[in-house]
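Listed here are the chains, written in short residue letters.
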Amino acid sequence: KKRMVSGVQPTGSIHLGNYLGAIKNWVLFQDMYDTLFFIVDLHSITLPYDAQELSRVTKKTAAIYMACGVDTSKASIFVQSHVRAHAELYLLLSSATPMGWLNRMIQFKEKSRKAGDENISVSLLTYPVLMAADILLYQSVFVPVGEDQKQHIEFTRELAERVNYLYGGRKWKKLGGKGGAIFKVPEALIPPAGARVMSLTDGLSKMSKSAPSDQSRINLLDPKDVISNKIKRCKTDSFSFLEFDNPERPECNNLLSIYQVITNKTKQEVALECQDMNWGIFKNVLTDALVDHLHPIQVRYEEIMSDTGYLDSVLAEGARKAADIADVTLNNVYQAMGFFRR
Ligand code: TYM
């Protein structure tokens, strides 16, 4: 089976964008591929964070994966920092990464603009190198992510090719290396709909964990009345019917798209169903669809969190399996880069 990996940062609350852009699709792929899903705690510390909370939100994120349908009899779930190879490969890859590649990253520019000089850590800049390590360690073929991660996957591909070129092939064979390339070159899998869920208060900016207003996002664990209130107050427009793809109506497009993905309908079906609705009616329909979809996830989440012994054992098993795969790649990289191995 081809391998697939992906992950979410545990800090900040997990929202509808993370779910529709990533986690919901992981569940669809777990029968087809050999899947590993991690909680990227090492990525979470690249911006100021609460050390008192990190461990708790890491577990919470694992529970959310399972509540969303990641099935541990098929997929492995583990915590990034539990598998040391991530940090080690990150260091090795750092020396193969040209500085200019990092300076070009859109997310770095955006995050550092918001963070202010004092809060820009070195690791915020080298973040994509750690992400490349996450993916390349497992010889992953596919990486299901939202639209905003596209550039990071492109970076990962280029870095894989560069390392294969610098240290792989004949050079590696001479050092006793087996097989072809050091790294497989992975591909992003971006869903046709839901890949870029926008804010509820501004249809031109992305729904995000870090936006100051909680009104701007639906969190996966928001109770019914909170969802209903957020949808009631979300930004709309003064047109009297609903349609997709009108550039003057980004909010309308976003809310219809959310409705489409959450109900598993086609765009045509939704366009037809909603064309004559006014905002008041559509908001009720959307709220019901969201609550119907999220409620069972929330019930499962509570069940999983009430038995943290089980959760701990899932994560321990996941880390063991992951380390077995990752260590093979890591050893190959040390060898190919010419290190003296004991
Ligand atoms: P993170 O934690 O910001 O987001 C997790 C996943 O959610 C997707 N996403 C969205 N999709 C649609 N609409 C949105 N508004 C939206 N916001 C977020 C993201 O695209 C992502 O798929 N660097 C990554 C985590 C990571 C990773 C990896 C992913 C670290 N190593 C290796 C894949 C493979 C991140 O910060 O995602």
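Conventions we followed
Residues numbered from 1 in each chain as written. Predicted model: local features only at pLDDT ≥ 70, side-chain atom pairs only at ≥ 80, totals over all residues. Heavy atoms only, no water. Axes fitted to C-alpha atoms, helices over the stretch in contact; angles between N-to-C directions. Helix = DSSP H or I, 4+ residues; strand = E, 2+ residues; numbered from the N terminus. Parallel < 35°, antiparallel > 145°, perpendicular 65-115°, else oblique. Left-handed = near helix turned anticlockwise from the far one by under 90°. Contact = heavy atoms within 4.5 Å. Nonpolar A, V, L, I, M, F, W, Y, C, P; charged D, E, K, R; others polar. Buried < 20%, exposed > 50% of the residue type's maximum accessible area, 1.4 Å probe, protein only. Pairing = 2+ DSSP bridges. Disulfide = S-S within 2.5 Å. Domains from an automatic or database assignment. Salt bridge = Lys/Arg side-chain N within 4 Å of Asp/Glu carboxyl O. Polar contact = N/O pair within 3.5 Å; in protein donor to acceptor, adjacent residues only side chain to side chain. 1 Å grid on protein atoms, 1.4 Å probe; cavity = no way out; pocket = protein on both sides within 12 Å on 5 of 7 lines; lining within 4 Å. Points joined across faces, edges and corners; volume = space filled by probe spheres on them. pLDDT = per-residue confidence, 0-100. Expected span 1.5 Å × (residues − 1).

(A) Broad picture of the packing of helix α11 (residues 250–262) against helix α12 (residues 267–274). The geometry of α11 relative to α12 is characterised by a closest axis approach of 10 Å and an angle of 120° between their N-to-C directions. By the angle between their directions, the pair α11 and α12 is classed as oblique. Crossing hand, α11 versus α12: right-handed. Along its contact with α11, which presents L256, Y259 and Q260, the element α12 presents K267, V270, E273 and C274. Taken together, the residues of the contact of α11 with α12 break down into four nonpolar, one polar and two charged.

(B) Local environment of the pairing of strand β3 (residues 76–79). Burial of β3 is two-sided: the residues S76 and F78 facing one way and the residues I77 and V79 facing the other way are all buried. Here strand β2 (residues 34–39) pairs with β3 via four bridges, running parallel. The partner of F38 across the bridge, within β3, is F78.

(C) Geometry of the state of the cysteines. What the rule picks out here adds up to zero disulfides. As a non-bridged cysteine, C252 has C274 as the owner of its nearest cysteine sulfur, 8.8 Å distant. Given a relative accessible area of 1%, C252 falls into the buried group.

(D) Representation of the domain arrangement of the chain in the model. Under the domain assignment, the chain is made up of domain 1 (3–195 + 307–336) and domain 2 (214–303). Taking only C-alpha atoms, the centre of domain 1 and the centre of domain 2 are 30 Å apart. Between domain 1 and domain 2, the contact holds 16 residues from the first and 16 residues from the second. Taken together, the connections running from domain 1 to domain 2 amount to zero salt bridges. Run the count over domain 1 and domain 2 and you get seven residue pairs in polar contact (both at pLDDT 80 or more). Looking at the side of domain 1 that touches domain 2, the elements with two or more residues in it are α1 (16–29) and α3 (51–67). The greatest single-element share of the side of domain 1 that touches domain 2, amounting to five residues, is contributed by α3.

(E) Highlighting unusual backbone geometry. Phi is positive for Q139, close to 50°, though the residue is something other than glycine. Position of Q139 relative to the elements: it lies in the loop between α7 (122–136) and β4 (142–144). A positive phi is found at D245, a non-glycine position, where the angle reads about 65°.

(F) A look at the environment of K178. Among the secondary structure elements, K178 is positioned in the loop between α9 (169–174) and β5 (187–189). By relative accessible area, which is 71% here, K178 ends up exposed. On a C-alpha basis, the gap between K178 and N332 in space is 8.6 Å, while along the polypeptide they are 154 residues apart.

(G) Main features of empty space enclosed by the protein. Considering all chains together, one arrives at one cavity of 30 Å³ or more under this definition. When its volume is computed, the largest cavity comes out at roughly 50 Å³. Lining the largest cavity we find M105, Q107, F108, K111, L124, Y127, P128 and H152. Of all the secondary-structure elements, those providing two or more residues to the lining of the largest cavity are α6 (106–115) and α7. For the lining of the largest cavity, a count of residues per class yields five nonpolar, two polar and one charged.

(H) Region of the structure containing the confidence of the model for the chain. Taken over all residues, the pLDDT of the chain has a mean of 96, while the share at 70 or more is 100%. In the predicted complex, the global pTM is 0.97; the interface-specific ipTM is 0.99.

(I) How the structure looks around the pattern of salt bridges. The tally for this structure, following the rule as stated, stands at 17 salt bridges. Among the salt bridges present, the one from K267 reaches D245, with a minimum N-O distance of 2.7 Å. Here D245 lies in the loop between α10 (224–233) and α11 and K267 lies in helix α12, a separation of 22 residues in the sequence. Classification of D245 by relative accessible area gives exposed; the value is 52%.

(J) A look at helix α14 (residues 308–336). For α14, which comprises 29 residues, the first-to-last C-alpha distance of 41 Å matches the rise-based estimate of 42 Å (1.5 Å per residue) to within 8%. G338 sits one or two positions beyond α14 and adopts a positive phi of about 90°.

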